[in-house]
Amino acid sequence: MSEAADIVFMKKALGLARKGWGRTHPNPMVGAVIEEDGEVVAEGYHAKAGEPHAEIVALRNLSRNPSEKLTLYSTLEPCCTHGKTPPCTEAIIESGIRRVVVGATDPNPGHSGKGFEQMRRSGIEVVEGILQEDCEDLNLIFNHWIGRGEPFIAGKIATTIDGRIATRTGNSKWITGEEARADVMCWRRLFPAIAVGAGTVLADNPRLTSRFGDETWCPVRFVFDTRLRTVREPLPRLYCDEFCRDRTIVVSGEHADEGRREGLSEVGVKSWILPENVESGVSLRDFRQKCGESGIGGVFFEGGASLLSSLLDERLLDYLYSYRAPILLADKEAKAAFQGQKTLAIGDGFCLKKVRQSILGRDQLMRGFVVYPKSAIEK
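These numbers come from a predicted model, not from an experiment. (Residues numbered from 1 in each chain as written. Predicted model: local features only at pLDDT ≥ 70, side-chain atom pairs only at ≥ 80, totals over all residues. Heavy atoms only, no water.)

Structural notes on the overall build of the protein chain
Thought 1: Within the protein chain, the regular secondary structure consists of 13 helices and 20 strands.
Thought 2: Here the C-alpha radius of gyration of the protein chain, 23 Å, is about what a compact globule of 379 residues would show, namely 21 Å.
Thought 3: By principal-axis analysis of the C-alpha atoms, the protein chain measures approximately 65 × 45 × 45 Å.
Thought 4: Here the protein chain holds 379 residues, and the buried ones make up 50% of them. (Helix = DSSP H or I, 4+ residues; strand = E, 2+ residues; numbered from the N terminus. Rg over C-alpha atoms; globule rule 2.2 N^0.38 Å. Buried < 20%, exposed > 50% of the residue type's maximum accessible area, 1.4 Å probe, protein only.)

Here's what the structure looks like:
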């Protein structure tokens, strides 16, 4: 089988994996296809945690016993240890399949490469790294969580050509068009949690749900409100909708008004009380640690500018989604996406790596991992 053919079938496996978009946490999305004589004869994907893995589903969907002519394609290295389900490598070896093509290596340091070793010891030909970057990009949250043991913190901005997120009066609806906003809904569906600052809640009264296809889904919704100034009449709608009791958490400081905190409790909104610091209000490091302790593997920060700037300043922002619209404000008083740095040289700026770009109608999306300059690391 040629590499070009392997790419074709791996693309099919990637498409299957995406059917589990946002539904597999804390597990990764994985797709698998079984090929024979240039045709897909079985396929599968991991639907949600606790259910069979993609490779097992594909093997079960094969309507006959496997033969040595078959090739199994998987977007991620098959698991080789017992968890909630038996190891996939064991099932593959027992099936009699003699060729396996894999996209990404298991990011778990304790498992990485071991599945490949097991299959090769059993005489299976293993091909690694087909569409590796695409397969790794599929599981940004899982890869970070399993590799580093901490939540994946991502930020989202929508700016004009000159990098502004609102006019000087605060008007920002809408900078980006419908296609870009639909794409944001897609990313909201992927992340277990979404976060905004109090200013965003007061200005926009958002729902912070994901309208994804025919589904309305609610991630955990964090509101960063050090002094609980969003607790007023009428209450913001995310404090009194059908999702508030189980899916909304207000992150406040130790000195917030107790009466307002009790008001939140009365309507079913949860509170996280965190230590405060001068620069960013509540401690963002303590927030990340509490998310980890709560099993929340990723948080999608949508603003505002002061909250995102604090994440950047404290070197907690792992990833950035930057949407840009073909609009020019040309007003120095318009609101910038980030603030607070004193960058004297281009080489001292923050940058992105493993950058991916796409066109969404009239708008652009650039996304990638945040790389901190040496000066920021030493801060």
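A few points about the packing of helix 3 (residues 88–95) against helix 4 (residues 114–121)
Thought 1: Here helix 3 crosses helix 4 at 20 degrees, and the two axes come no closer than 10 Å. The pairing of helix 3 with helix 4 is recorded here as roughly parallel in orientation. In the packing of helix 3 onto helix 4, the handedness of the crossing is right-handed. Here T89, I92 and I93 of helix 3 come into contact with helix 4, specifically with G115, Q118 and M119.
Thought 2: Partitioned by chemical class, the residues of the contact of helix 3 with helix 4 number three nonpolar, three polar and no charged. (Axes fitted to C-alpha atoms, helices over the stretch in contact; angles between N-to-C directions. Parallel < 35°, antiparallel > 145°, perpendicular 65-115°, else oblique. Left-handed = near helix turned anticlockwise from the far one by under 90°. Contact = heavy atoms within 4.5 Å. Nonpolar A, V, L, I, M, F, W, Y, C, P; charged D, E, K, R; others polar.)

Description of the pattern of salt bridges
Oppositely charged side chains can form a pair if their charged atoms are brought close together.
Thought 1: Tallied over the entire structure, the rule returns 18 salt bridges.
Thought 2: We note a salt bridge from R99 to D6, for which the minimum N-O separation is 2.9 Å. Of this pair, R99 sits in strand 4 (residues 99–104) while D6 sits in helix 1 (residues 3–17), and the two are 93 residues apart along the sequence.
Thought 3: Relative accessible area serves as the criterion here: at 2%, D6 is assigned to the buried category. (Salt bridge = Lys/Arg side-chain N within 4 Å of Asp/Glu carboxyl O.)

A word on the layout of surface pockets
Thought 1: Size it by volume and the largest pocket reaches roughly 1,300 Å³.
Thought 2: Taken together, 49 residues make up the lining of the largest pocket; nearest its centre are T200, D204, E302, G303 and G304.
Thought 3: For the lining of the largest pocket, the elements supplying multiple residues, two or more each, are strand 6 (152–159), strand 7 (164–166), helix 7 (178–190), strand 8 (193–197), helix 8 (198–204), strand 15 (281–282) and helix 12 (305–313).
Thought 4: Within the lining of the largest pocket, the residues separate by chemical class into 20 nonpolar, 15 polar and 14 charged. (1 Å grid on protein atoms, 1.4 Å probe; cavity = no way out; pocket = protein on both sides within 12 Å on 5 of 7 lines; lining within 4 Å. Points joined across faces, edges and corners; volume = space filled by probe spheres on them.)

Points about helix 6 (residues 140–148)
Thought 1: For helix 6, every residue scored as buried is listed here: L140, I141, F142 and H144.
Thought 2: Here the buried face of helix 6 lies against helix 5 (132–137), strand 6, helix 7, strand 16 (298–301), strand 17 (319–324) and strand 20 (363–371).
Thought 3: Following helix 6 by one or two positions, G149 adopts a phi angle in the positive range, close to 70 degrees.

Focus on the pairing of strand 4
Thought 1: The buried fraction of strand 4 is high, at six of six residues.
Thought 2: Here strand 3 (residues 71–76) runs beside strand 4; their pairing, made up of five bridges, is parallel. Residue pairing in the sheet places T71 in a bridge with R99 of strand 4.
Thought 3: Read as a crossover between parallel neighbours, the route from strand 4 over helix 4 to strand 5 (residues 125–127) is right-handed. (Pairing = 2+ DSSP bridges. Right-handed = clockwise from strand over helix to strand, strands pointing away.)

Examining the pairing of strand 19 (residues 351–360)
Thought 1: Pairing of strand 19 with strand 20, which is carried by eight bridges, proceeds in the antiparallel orientation. Looking at strand 20, one finds that I359 is bridged to Q364.
Thought 2: The turn linking strand 19 back onto strand 20 is made up of two residues, and G361 within it adopts a positive phi angle of 65 degrees.

What about empty space enclosed by the protein?
Thought 1: Within this structure, the stated rule accounts for three cavities of 30 Å³ or more.
Thought 2: Taken as a whole, the largest cavity holds about 50 Å³ of empty space.
Thought 3: T24, H25, N27, P28, M29, L138, N139, L140, I141, F142 and L190 are the residues that line the largest cavity.
Thought 4: Per-element accounting of the lining of the largest cavity gives the leading share, three residues, to helix 6.
Thought 5: Residue classes in the lining of the largest cavity are distributed as seven nonpolar, four polar and no charged.

Concerning helix 3
Thought 1: Regarding helix 3, the residues found buried are C88, T89, I92 and S95. Seen end-on, helix 3 carries its buried residues on one side only, within an arc spanning 125 degrees.
Thought 2: Next to the buried residues of helix 3 lie helix 2 (54–61), strand 3, strand 4 and helix 4.
Thought 3: Note on helix 3: the residue one or two positions beyond its end, G96, has a positive phi of about 95 degrees. (Arc of directions from axis to C-beta.)

Functional significance is not addressed by these values, which are geometric in nature.
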